[in-house]
Amino acid sequence: MISVTGMDSAFEGSQYKQYPGSSYATYVDFDVYKKGAYFDSGQIKYITDFKWGQTYTSTYVDRGVFEELFIAPKAVNETSGEVSIYVRTVPFITFIWGGLFLMLAGIAVLGLIDYSVDGKATTSVAKIKGKRNKGSERPKGGKK
């Protein structure tokens, strides 16, 4: 559960056209509750950039062993003081990252095994000793 504890807005950056700043940022403070008990506090930001004509947000992320919690603002209404917040819990994402690191470790181990003790690469193609019997060759396209 998320409980919004405060919301504050301010212009940021240098003056741009008729605005006192190049962007307008709204800071949203909140508390996170897990299973009814207080867990953490955080802050997310909703930014309207006048210079580039776009909006973007900052995201709160809490990484745990069994889940990751993502919190981001979707929309802010300054006149009413309302904020729409996107909350998502992703289970077992840490295991995916762990699998990636195990795979990279396996690649490194295979690379080390591929090289001999003296540092030279092992050759997978063995040279064949002997002579080739040239008498059994026939010219291509010729008569049999």
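The structure we're discussing is the one just above.
Residues numbered from 1 in each chain as written. Predicted model: local features only at pLDDT ≥ 70, side-chain atom pairs only at ≥ 80, totals over all residues. Heavy atoms only, no water.

Residues and numbers for the overall build of the chain, please.
Scanning the chain for helices and strands turns up one helix and seven strands. Relative to its 144 residues, the chain shows a buried fraction of 17%. In the chain, the proportion of contacts linking residues at least 24 apart, taken out of those at least 6 apart, comes to 36%. Looking at the chain as shown, the accessible area adds up to about 11,400 Å², and 58% of this sits on carbon and sulfur atoms. (Helix = DSSP H or I, 4+ residues; strand = E, 2+ residues; numbered from the N terminus. Buried < 20%, exposed > 50% of the residue type's maximum accessible area, 1.4 Å probe, protein only. Contact = heavy atoms within 4.5 Å. Areas by Shrake-Rupley, 256 points an atom, 1.4 Å probe, with all protein chains shown as cover.)

Describe the sheet that holds strand β4 (residues 54-58), naming the residues involved and giving the relevant values.
Spatially, β1-β2-β3-β4 is the arrangement adopted by the four strands of the open sheet, whose pairing is antiparallel. In this open sheet, the two edge strands, each paired with only one partner strand, are β1 (2-12) and β4. Sheet twist, expressed as the average angle between the axes of neighbouring strands with direction ignored, equals 15°. Summarising the sheet, β1 and strand β2 (residues 23-34) pair through ten bridges and their orientation is antiparallel. The residue of β2 that forms the bridge with valine 4 is phenylalanine 30. (Pairing = 2+ DSSP bridges. Axes fitted to C-alpha atoms, helices over the stretch in contact; angles between N-to-C directions.)

Could you give an account of the pattern of salt bridges, with specific residues and numbers?
Enumeration over the complete set of coordinates arrives at two salt bridges. Salt-bridge contacts for glutamate 67 lead to lysine 34; the nearest nitrogen and oxygen are separated by 3.1 Å. Of this pair, glutamate 67 sits in strand β6 (residues 67-77) while lysine 34 sits in strand β2; the two residues are 33 residues apart in sequence, bridging distant segments of the chain. Classification of glutamate 67 as partly exposed rests on a relative accessible area of 30%. Note that arginine 63 and glutamate 68 form a salt bridge whose closest N and O atoms lie 3.3 Å from each other. You can call arginine 63 exposed: its relative accessible area is 59%. (Salt bridge = Lys/Arg side-chain N within 4 Å of Asp/Glu carboxyl O.)

Explain the side chain of aspartate 62 to me, and be specific about the residues and the numbers.
By the element assignment, aspartate 62 lies in strand β5 (residues 60-63). Buried and unpaired, aspartate 62 has lysine 34 as its nearest opposite-charge partner, separated by 4.0 Å. Ignoring sequence-local partners within four residues, the contact set of aspartate 62 consists of Lys34, Phe39, Glu67, Glu68 and Leu69. (Lys, Arg positive; Asp, Glu negative; His and termini not counted.)

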